Amino acid sequence: MLLIHCPYCEEARSELEFRWAGEAHIARPENIAAITDEEFAEYFFLRNNEKGLTYERWRHIHGCGRFFNAARDTVSDRFVMTYKAGLPKQPVPPAEKVSAIAEEKTVETWEATEGDAR
Amino acid sequence: MSGSSNNLGAFRIKGAGRHTPARTARFTFDGKTYTAMEGDTVASALLAHGVHLVGRSFKYHRPRGILSAGAEEPNALIDVSRDAARRQPNVRATVQEVFDGAKISSQNRWPSLKFDVGAFNDLLSPFFAAGFYYKTFMWPKEAWTRVYEPFIRRAAGLGVAPKEEDPDHYANRYAHCDVLIAGAGVAGLTAALSAAATGASVILVDEQAEVGGALHFDASTKIDGRNGYDWAQAAAAKLKAMPNVTVLTRTTVFGYYNHGFLGLAERVTDHLARPGKSLPRERLWQVRAKRVVLATGSIERHMVFSNNDRPGIMLASAARTFLNHHGVAVGRNVGVYTAHDSAYEAAFDLKRAGVSIAAIVDCRAEPGEAVLAEARSLGIDVLTGHSVTDTFGRLRISSMTVVRNGGSNARKIKVDALIVSAGWTPSVHLFSQSRGKLRFDEKGQRFLPDIYAQDCVSVGGCNGTDDLAELIDEAIAAGGGSVALAGENRFDWTGGMIGAAEGAGPDTVVKAFIDFQHDVTAKDIRLAVREGMHSIEHIKRFTTNGMASDQGKLSNMHGLAIAAEVLDRPIPQVGLTTFRAPYTPVTYGTLINHSRGDLFDPARKTPMHALEAAEGAEFEDVGNWKRAWYFPRRGEDMHAAVNRECRTVREVAGVFDASTLGKIEVVGPDAAQFLNLIYTNAWDTLKPGKCRYGIMTREDGFIYDDGVVGRLAEDRFHVTTTTGGAPRVLHHMEDYLQTEFPHLKVWLTSTTEQWAVIAVQGPKAREIVQPFVEGVDISNEAFPHMSVAECTVTGVPARLFRVSFTGELGFEINVPADYGPAVWKAIWERAEAMGACLYGTETMHVLRAEKGYIIVGQDTDGTVTPDDAGLGWAVSKKKTDFVGIRGLKRPDLVRDGRKQLVGLLTNKPSDVLEEGAQIVADPNQPKPMTMLGHVTSAYWSENCGRSIAIALVAGGRARIGQTLYVPMKDRTIAVEVTDMVFFDKEGGRING
């Protein structure tokens, strides 16, 4: 179970209290009624689903109720940082990026197991 | 219970062991009574009586004995019971402590352990090679579920689960600590002493009944000048006395999860003869540790040679545990087969206890000099450079065949037990579960912790630290404090091997077992490789090596080495299968814990629940809510009750509990603007005191929820949602409010459970409600349909809505939840006297369908737009923005021919359609037919005197008047497409 630091409560709490809320930093277009089908697809449907460092939203739903942003490594599940909603995308220290890549190999993908065995 | 020392078993060694002879316990094994000492495991107690045969193997039903003395045991699985319900199968005899009155049975044998019909499989074993099931039982497909699987499950298997409900209870505890230490051997205890000295909060956990780990068997190690085991007990006593330390024995750290989260299973009463009723059987600990010290030690491996699975063959360290801890000799004339020095010490201990050592057969040419010298001085025959190539004895080993490596002259040596050691495998399970990365230690032929993924450190055996002084230093450092501690052991151990031994190599066909529990032999691994399994993950699944309940604690390294040999690749390149939680099996009772029976899934009940139950209501589950479904009177079935309720509501009136409706209070100067953005409708035009039916879409334009919203004041709205939708609607609103529209001054509060809601519907609704209402004129003129007012009802502050989900004149009275029952009683007393009825959700469904009112989630499914549902009028054309405005313009959402909600009338009025049934234009077309849509709601309508249905049909509204068909299994039903209003098409009744 993950331990997540809520930037509003300023406390690390158990994952039980939180709910994941999708990729972060996707702003709803201000002129949404006027955007093209492609722009709408980009905004609403398409997600990067990146392996490694991702920016995502969480809600402290059984706590303060606030939505906030997090930078998490999807390989190690390590939270690099969490920060309040509305703040711009926070840069991640270079060292964190390296570790995210180094740990990539531990994932049990076909490439990581069978691929090597060929 | 007491007994003289001789009935404690013929293999008890006087003066050996740590149990008290006066404290005995009697138990039965397969019906025969045995006497044991308190502190014995079932394994040690049986061995004391010379019983080695305890089970039959999974596939070949071969006689099996006790292989180990600990949690890694693959063979000796037993069934332990106190009574019929308190029975647990697949318990390791080496872990289960004996208690007085225990009834123990062997498993997987019929008719008896000594004569098992299933052993016939052993003769057929050439046909049961790896992958046999996959290849043989492939066709016919139907036979798999009916014939093959039931047969295989009966023949090959473990114990049988009890059918009775578990009468025991289980506890759950959350804990936080600075340091959690897994394992209380020398390393764990030292680390705990060190950490505790810093003042840190420490939890020290060990799976055995007492601390000590390897000191249970290792009698030659001294710590601080004392016997190691005694030191360990003293250290534990010291730790227990410290306020910042918790010592948990009989507790297994079974899982190491993310961010220092660990799962522990504490066995509280399984060792007690008469457990107190208040005690839980087991306790689940969920611990969040800032730091973890892994001191899980290592596990001895067996030797892989022909017929290495006979009862009487066991690990050398196990024989030492049985002797030094339990005071039991595993035989009178014991053979030793080893590739590691540690087995010599077992031979020394046995020899000194008066057991004859037939020979030490060492496959190495050069064992450690110190142990060799000691063996000679004790007069033990050591055959270096020799191997055991076969064994004999049906139900217990009687002799072993010994051959000089590379030679051919075999000689048979009589033994009644054979103790083996191929060396030690570090227990890296928890490290690996924590997502740490292992490296292969070429010299030690073992995997060791390399890159840590969490704040944890491995010390001692599980870290490959063999030297005692080094181990102590390492553990002190890991604890973060300082302790003065000196240890000494008599012999430095050398040696070890992984893979098949002499006589079981690639050119042989012998049965040399790797995985005892799943009957996997060296030959099976080679076959798997020959058949194309080149990844260790494939080999594992093909052979099922390491997939039994022991998770391959003994077998994984051997399997890997054999695969690597055949593949001609170094071991690290073949890889290691992933270690997963749980480390050892955890009972369902512990995991489920309190979450069973009434606590499995909490029931939500409305304030009027008890009153409805008293009126004879049948309830249905709607999400977690219990809702009154219908109110049958004497002699009525559901159909008759619903028909009566439907009729009565339209003829007189009905009272309905609508408390489960989701309710959200939307307050603030920008409340109307916010709702404008969340709903498709316009809200700024709604006057205070009025209500409006609103539709909410997601950004993609599909209906998300609906409900009536009342405006109580300029800045205050009372929003209702569907019963099931309340939490997600609030979440959805909060999401937009917090992240997209944070500039709006609005506050959202869930009020679902704050209001009890009593709906009164029907022509006499006003007459029923009128006398109770004060503070508002509820005449039709002053308080028309879709009005809301704050007033009092029976003197209770209320929000009164003039709304209808039946098409009748109706009111919904919202009162604070605590007042619900009192107001309900007053209203129902008057309503009943006037001939009204109570009605439930079934009648509500029928009545709303008669009027064509949709239920989100039943008539819509997340792909339905407001226009599809015939609610296009609810989408504002004037607003420049709302959630869904762009999605609704997507090409697919505006094209012709989309599925639309329409009514269906069966040609034969008594035919009621099935909800979910598919609809076609031509029932005679070839299959697969082109399906136009499906029935979403279908009922018998007593008020219409016929069946009615609502359906999603492609191009539905354009098909009104057409005949379509609903093909069913036994017949095809012709239906006419109609509009959705079946009753009171003019809609006059609602304004009555």
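Residues numbered from 1 in each chain as written. Chains lettered and ligands numbered in written order. Predicted model: local features only at pLDDT ≥ 70, side-chain atom pairs only at ≥ 80, totals over all residues.

With an unreviewed UniProt entry as reference, chain B is termed Sarcosine oxidase subunit alpha, source organism Xaviernesmea oryzae. You can read under Sequence similarities (unreviewed entry) in the UniProt record for chain B the words "Belongs to the GcvT family." (UniProt positions renumbered as here; feature names shortened; annotations may be inferred.)

For chain A, an unreviewed UniProt entry supplies the name Sarcosine oxidase subunit delta and the organism Xaviernesmea oryzae.

Scanning chain A from terminus to terminus reveals three helices and six strands. Reading chain A from its N end, one meets helices and strands in the order β-β-β-α-β-β-β-α-α. Taking all 118 residues of chain A together, the buried fraction comes to 19%. Taking all contacts inside chain A whose residues are at least 6 apart in sequence as the whole, residues at least 24 apart take part in 53%. (Helix = DSSP H or I, 4+ residues; strand = E, 2+ residues; numbered from the N terminus. Buried ≥ 20, exposed ≤ 12 C-beta atoms within 10 Å, placed from the backbone. Contact = placed C-beta atoms within 7 Å.)

Turning next to unusual backbone geometry. All names here are of chain B. That bond from A581 to P582 is cis: its omega, 0 degrees, falls within 30 degrees of zero. Tracing the sequence through the fold places P582 in the loop between α15 (571-574) and α16 (588-592). Cis geometry marks the peptide bond from K927 to P928, where omega comes out at -5 degrees. Assignment of secondary structure puts P928 in the loop between β47 (918-920) and β48 (931-941). Non-glycine residue D30 carries a positive phi angle of around 50 degrees. Among the structural elements, D30 can be located in the loop between β1 (24-29) and β2 (32-37). Phi at T794 takes a positive value of approximately 50 degrees, unusual for a residue other than glycine. Structurally, the position occupied by T794 is in the loop between β42 (787-793) and β43 (796-802).

What follows concerns the interface of chain B and chain A. Tallying the contact residues gives 27 residues for chain B and 24 residues for chain A. Per-element tally for the side of chain B that touches chain A: the top contributor is helix α20 (residues 726-740) of chain B, with five residues. Grouping the constituent residues of the side of chain B that touches chain A by class yields six nonpolar, nine polar and 12 charged. (Nonpolar A, V, L, I, M, F, W, Y, C, P; charged D, E, K, R; others polar.)

Residues and elements named next belong to chain B. Read across the open sheet, the five strands follow the order β2-β1-β7-β5-β6; overall the sheet is mixed. On the outer flanks of this sheet lie β2 and β6 (87-92), each paired with one strand and no other. The mean inter-strand angle of the sheet, taken between neighbouring strand axes irrespective of direction, is 30 degrees. Sheet topology places strand β5 (residues 77-81) next to β6; four bridges connect them, and they run antiparallel. Residue pairing in the sheet places I78 in a bridge with V91 of β6. (Pairing = 2+ DSSP bridges. Axes fitted to C-alpha atoms, helices over the stretch in contact; angles between N-to-C directions.)

All names here are of chain B. Here strand β22 (residues 399-404) runs beside strand β23 (residues 410-414); their pairing, made up of five bridges, is antiparallel. Each residue of the ladder has a partner; that of V402, found in β23, is R411. Remark: five residues form the turn of the hairpin made by β22 and β23, two consecutive strands paired antiparallel; G406 in that turn has positive phi of roughly 80 degrees.

Our focus in this paragraph is the nonpolar core. Residues and elements named next belong to chain B. Grouped together as the largest cluster of nonpolar side chains are 114 residues, with contacts concentrated most on L675, I758 and V760. When neighbours within four sequence positions are excluded, L675 is seen to be in contact with V666, W683, V709 and F717. The next biggest cluster of nonpolar side chains, apart from the first, holds 103 residues, and it includes L323, F348, V402 and M533. (Core = buried A, V, L, I, M, F, W, Y, C linked by C-beta atoms within 7 Å.)

Moving on: the UniProt feature "domain: Aminomethyltransferase C-terminal" (unreviewed entry) in chain B. What UniProt calls "domain: Aminomethyltransferase C-terminal" (unreviewed entry) maps, in this numbering, to residues 899-984 of chain B. This span, residues 899-984 of chain B, is 0% helix and 50% strand, and a straight line between its end C-alpha atoms measures 26 Å.

All names here are of chain B. The assigned domain composition of chain B is domain 1 (5-126), domain 2 (171-299 + 426-488), domain 3 (302-420), domain 4 (513-567), domain 5 (663-751) and domain 6 (853-991). Distance from the C-alpha centre of domain 2 to the C-alpha centre of domain 3: 31 Å. Listed per partner, the contact involves four residues of domain 2 and seven residues of domain 3. Per-class residue counts for the side of domain 2 that touches domain 3 are two nonpolar, two polar and no charged. (Domains from an automatic or database assignment.)

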